[in-house]
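Secondary and tertiary structure notes
So you can see what is in the structure, the chains are spelled out below.
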Amino acid sequence: MCTQPTSTAQPLMRSLGLSLAALLMSACASHGEQRPSSPGTAVDADANAARFPDPGNATLKEGLFVDVDNLRLFARGMSKRQLYVLLGTPHFGEGMWGVREWNYLFNFRSSPGGDYFTCQFKVEFDGKGIAQAAHWKPQACAAVLEPPRPPVPPAPAPMPAEPLRLSADAMFAFDSAVLTSEGRDNVTALLQQVRDASRVQTIQVLGYTDRIGSDRYNLVLSQRRAEAVRAALIAGGVPATAIVAEGRGKADPLVQCEQAQRQALIVCLAPNRRVELSGRALPR
């Protein structure tokens, strides 16, 4: 036979029901609450970023200078033993067994002998101790792994404002357009300067003769001499497209001579027999 609850028992049951409901609501609220970060960790602004330990907890608080070439060898899939040989002992006390991350404090010079800056480097492992990822703090520190920029080559030396004059008598036999051994040596002495200049401008090679002989003959001879010097420059590494050769014959003499005796006249007119090299600005 069932009995109805007394009037005294009813308030007690209501009180127990309310207390149980309050406990359930409290449990649900605490389950959904985000746990605070553990002491000694720093979290990047990105919620998905790696968590780094406080540098103040490092065993090497001053950091360690590391071989950047060794850092560049890091790759996913490396074992802890390989990383130990590569980077050394981690700089934080992360435990003995089942450790899933190694943390380092690395120092880098901003310039040789200059100030240095410190970066945190974290390696994450799977359950078998195989590296899966690495992280930097700050992220900008990842730039230290970029290969060094090649040195900027010096600006090519321009050709002198005044033409480089090569004596034809020191390069060719009289009345000849074939370079002598001395002439080839003279061209070789100019090669580096001409090679550099040809990177930014066109090189003009002008051949000249003296006034002895016909105008037609002298024009052809001066052209052949200019072409001979051009060919020697090309053989020495100057781009063919950078050199133009032109014969000017007896034009633009440097000296005037009136000797009646032929040999004396030839000697006097020697400065007019020449090959000139000059730089011309490339058309824009």
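Refer to the structure presented above.
What comes next is a walk through the structure. (Residues numbered from 1 in each chain as written. Predicted model: local features only at pLDDT ≥ 70, side-chain atom pairs only at ≥ 80, totals over all residues. Heavy atoms only, no water.)

Here's the deal with the packing of aromatic side chains
On inspection of all chains with the given rule, the structure shows 8 aromatic pairs. Here the aromatic rings of Phe65 and Tyr116 are separated by 5.1 Å at their centres, their planes lie at 70 degrees, and the arrangement is edge-to-face. Here Phe65 is found in strand β3 (residues 64–65), whereas its partner Tyr116 is found in strand β5 (residues 116–125), with 51 residues between them in sequence. Relative accessible area serves as the criterion here: at 42%, Tyr116 is assigned to the partly exposed category. Taken together through their ring pairs, the aromatic side chains of Phe74, Tyr104, Phe106, Phe108, Phe117, Phe121 and Trp136 make up a single cluster. For Lys80, the ring lying beneath its charged end belongs to Phe125, and the centroid distance is 5.0 Å. In this structure, Arg274 packs its charged tip against the face of Tyr208, placed 3.8 Å from the ring centre. (Phe/Tyr/Trp six-rings, centres within 6.5 Å; stacked < 30°, edge-to-face > 60°. Helix = DSSP H or I, 4+ residues; strand = E, 2+ residues; numbered from the N terminus. Buried < 20%, exposed > 50% of the residue type's maximum accessible area, 1.4 Å probe, protein only. Lys NZ or Arg CZ within 6 Å of the ring centre and 35° of its normal.)

Overview of the side chain of Asn107
Its place among the elements puts Asn107 in strand β4 (residues 101–109). Polar contacts involving the side chain of Asn107 include one to the side chain of Thr118, which spans 2.6 Å. Every residue in contact with Asn107, bar those within four places of it in the chain, is listed here: Glu62, Gly63, Leu64, Phe65, Val66, Tyr116, Phe117 and Thr118. (Polar contact = N/O pair within 3.5 Å; in protein donor to acceptor, adjacent residues only side chain to side chain. Contact = heavy atoms within 4.5 Å.)

Notes on the packing of helix α4 (residues 181–197) against helix α5 (residues 215–235)
Interaxial distance between α4 and α5 falls to 9 Å at its minimum, and their mutual angle equals 60 degrees. As summarised for this structure, α4 and α5 are arranged oblique, according to the angle between their axes. The chirality of how α4 crosses α5 is right-handed. From α4, Arg184, Val187, Leu191 and Val194 reach across to α5, where they touch Val229, Ala232 and Leu233. (Axes fitted to C-alpha atoms, helices over the stretch in contact; angles between N-to-C directions. Parallel < 35°, antiparallel > 145°, perpendicular 65-115°, else oblique. Left-handed = near helix turned anticlockwise from the far one by under 90°.)

Quick word on the pattern of salt bridges
Pairs may arise between side chains of opposite charge once their charged atoms sit close together. Applying the stated criterion across every chain, the model contains 9 salt bridges. In this structure, Arg274 engages Glu276 in a salt bridge whose closest nitrogen and oxygen atoms are separated by 2.7 Å. Summarising the burial analysis for this pair, Arg274 and Glu276 share the class buried. Because the salt bridges share partners, they merge into one network encompassing Arg165, Arg274 and Glu276. (Salt bridge = Lys/Arg side-chain N within 4 Å of Asp/Glu carboxyl O.)

Observations concerning the pairing of strand β9 (residues 243–247)
Each regular strand carries side chains that alternate between the two faces of the sheet. Going residue by residue along β9, you find Ile243, Ala245 and Gly247 tucked away on one face and Val244 and Glu246 left uncovered on the opposite face. Examined bridge by bridge, strand β8 (residues 201–208) and β9 share 5 bridges and lie parallel to one another. Across the sheet, residue Ile203 finds its bridge partner in β9, namely Ile243. (Pairing = 2+ DSSP bridges.)

Concerning unusual backbone geometry
For the peptide bond that leads from Lys137 to Pro138, omega is -5 degrees, which places it in the cis range. Phi at Asp175 is positive, roughly 65 degrees, even though this residue is not glycine. As for its placement among the helices and strands, Asp175 is situated in the loop between β7 (164–167) and α4. In this structure, Asp252 is a non-glycine residue whose phi angle is positive, near 50 degrees.

Details of helix α3 (residues 80–87)
Residues of α3 that are buried include every one of Leu83, Leu86 and Leu87, and no others. In a view along the axis of α3, the buried residues occupy a sector of 70 degrees, so they form one face of it. The exposed set on the far side of α3, more than 90 degrees from its buried face, consists of Arg81 and Val85. Buried-residue contacts for α3 involve α2 (68–72), β4, β5 and β6 (131–137). Backbone geometry just downstream of α3 places Gly88 in the positive-phi region, at approximately 90 degrees. (Arc of directions from axis to C-beta.)

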